Amino acid sequence: MPRISVEERRARLARRHHLATASKGSQVVELARDLVGLHATDPASIYLSAAARMKKPSITAVEAALYENRSLVRMLAMRRTLFIEPLDLVPVVQSAASHAVAVRERARLVKFLGDAGIARDAGPWLRKVEQAALRALASLGEATAGQLAVEVPELGEKLVLSQGKKYEATVSISGRVLLLLAVEGRVVRGRPRGSWISTQYRWTTAENWLGGPIERVPVDVARAELVRRWLWAFGPGTLTDLRWWTGWSAREVRAALGSAQPVEVDGGLVLADDVAPVRAVHPWVAMLPSLDATTMGWKERDWYLSSYGPLLFDRMGNAGPTIWCDGRVVGGWAQRRDGEIVYRVLEDIGRSAMAAVGATAEVIQNLVGDVRYTPRFPSPLERELRG
């Protein structure tokens, strides 16, 4: 069995995730492609994830890729998580992951509508509302959920979610309907209102945003391709890692692996043509945002996380902001309410690496400027540092 040591896994991570200084890139689309997408649940994470990997960090460059060139697309995908994906991966991700999420979301929404008494036969009623929403979007070009509800009054119907719990909320169905249409690949999140950290999106049809409908790819073909790309970016990885990252069942993962035909090495699975050694890299540090694609890439994290998980992840397994040194997580960071970027290194990494962490914090502070943000899933250390 070929052996890939922990040190080599860390070198692979540094090079393939564009974190080592010599491996940083200039094109946001290439960075997203090489990581099989960037996490987008927290809007700020898109920009900070890209910036950590860019030779010249730029908010403007990320916005251009998202909204001007439209070479990156937000889509609900693996684990029902929001990602941004390059155009060439959109059909693969849609078929491999988003479609199954859409089936569950439709059943869930139909049940909500029926339980709320909004429609006697909720399934057909929902489809009529969806068609009306699509016609209105095609006519308007783009619209927020509120604007669309003016054109389609049924979208203003209310749902009570998590009734009786402390986080009970009353919401209009417009957001749920748009989420469903998006995960089915029929509408797309466009430029948000407000700043680059806003989550109030303008919506438009897929045809309007992408120039045509999303290409259909057979599910087995798409899943095999997604697994191949994950193995190249994140391998060696285990069945447990893949099940967690994709959100698929063990049977579905094994079927996709059967098509990808990886080989087993010490540490997990890699592509058959990817067993050659990877050269070591010069020392490096990085400060990655919450839910970064690298930090969230594996379920089994001991080889890069050590014992710091309870400080840097929440109870649901969502990663907070992390500090990396030579392929290991060594601390965490946060933005205080006054905008200052503060951090804590949890072990001795040496004077040179500490100086690099301080310099990186300054880069982030200059990049973010006057914008204030809070991670959607803060870690215990992030809460403490934020104050």
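About the cut-offs
Residues numbered from 1 in each chain as written. Predicted model: local features only at pLDDT ≥ 70, side-chain atom pairs only at ≥ 80, totals over all residues. Heavy atoms only, no water. Pairing = 2+ DSSP bridges. Helix = DSSP H or I, 4+ residues; strand = E, 2+ residues; numbered from the N terminus. Axes fitted to C-alpha atoms, helices over the stretch in contact; angles between N-to-C directions. 1 Å grid on protein atoms, 1.4 Å probe; cavity = no way out; pocket = protein on both sides within 12 Å on 5 of 7 lines; lining within 4 Å. Points joined across faces, edges and corners; volume = space filled by probe spheres on them. Nonpolar A, V, L, I, M, F, W, Y, C, P; charged D, E, K, R; others polar. Expected span 1.5 Å × (residues − 1). Buried < 20%, exposed > 50% of the residue type's maximum accessible area, 1.4 Å probe, protein only. Contact = heavy atoms within 4.5 Å.

**Focus: the sheet that holds strand β13 (residues 341-345)**
Remark on secondary structure: sheet strands pair via backbone hydrogen bonds, oriented parallel or antiparallel.
Part 1: Within the open sheet, the four strands sit side by side as β10-β11-β12-β13. Their pairing is antiparallel. A single partner strand is all that each edge strand has here, and the edge strands are β10 (285-288) and β13. Adjacent strand axes in the sheet meet at a mean angle of 25 degrees, parallel and antiparallel pairs treated alike.
Part 2: Strand direction decides the pairing type here: strand β11 (residues 322-325) and strand β12 (residues 328-335), joined by four bridges, are antiparallel. Residue pairing for β12: T322 is matched across the bridge by G332.

**A short note on unusual backbone geometry**
When glycine is set aside, most residues are seen to have a negative phi, and most peptide bonds are trans.
Part 1: The residue after G235, namely P236, is reached through a cis peptide bond having omega 5 degrees.
Part 2: With respect to the secondary-structure elements, P236 resides in the loop between α10 (219-234) and α11 (239-246).
Part 3: Within the chain, H18 stands out as a residue other than glycine whose phi angle is a positive 60 degrees.
Part 4: Within the element layout of this structure, H18 appears in the loop between α1 (6-16) and α2 (28-34).

**Quick look at empty space enclosed by the protein**
Part 1: Throughout the structure, instances matching the rule amount to three cavities of 30 Å³ or more.
Part 2: Each pocket or cavity is described by its volume, and for the largest cavity that value is around 70 Å³.
Part 3: In terms of lining, the largest cavity is formed by V73, R74, M75, V90, Q94, A182, G185, V187, V188, R189 and I214.
Part 4: Of all the secondary structure elements, the ones that give two or more residues to the lining of the largest cavity are β2 (72-76), α5 (90-115) and β6 (187-192).
Part 5: Taken together, the residues of the lining of the largest cavity sort by class into seven nonpolar, two polar and two charged.

**Here we look at α10**
Part 1: The first and last C-alpha atoms of α10 sit 22 Å apart over 16 residues, in line with the 22 Å expected at 1.5 Å per residue.
Part 2: For α10, the set of buried residues is A222, R223, A224, L226, V227, W230, L231, A233 and F234.

**Regarding the environment of L137**
Part 1: Turning to its location among the elements, L137 is positioned in helix α6 (residues 122-140).
Part 2: When its relative accessible area of 1% is taken as the criterion, L137 is described as buried.
Part 3: Contacts of L137, omitting those with residues within four sequence positions, involve E142, A143, L148, L178, V187, W203, T204 and T205.

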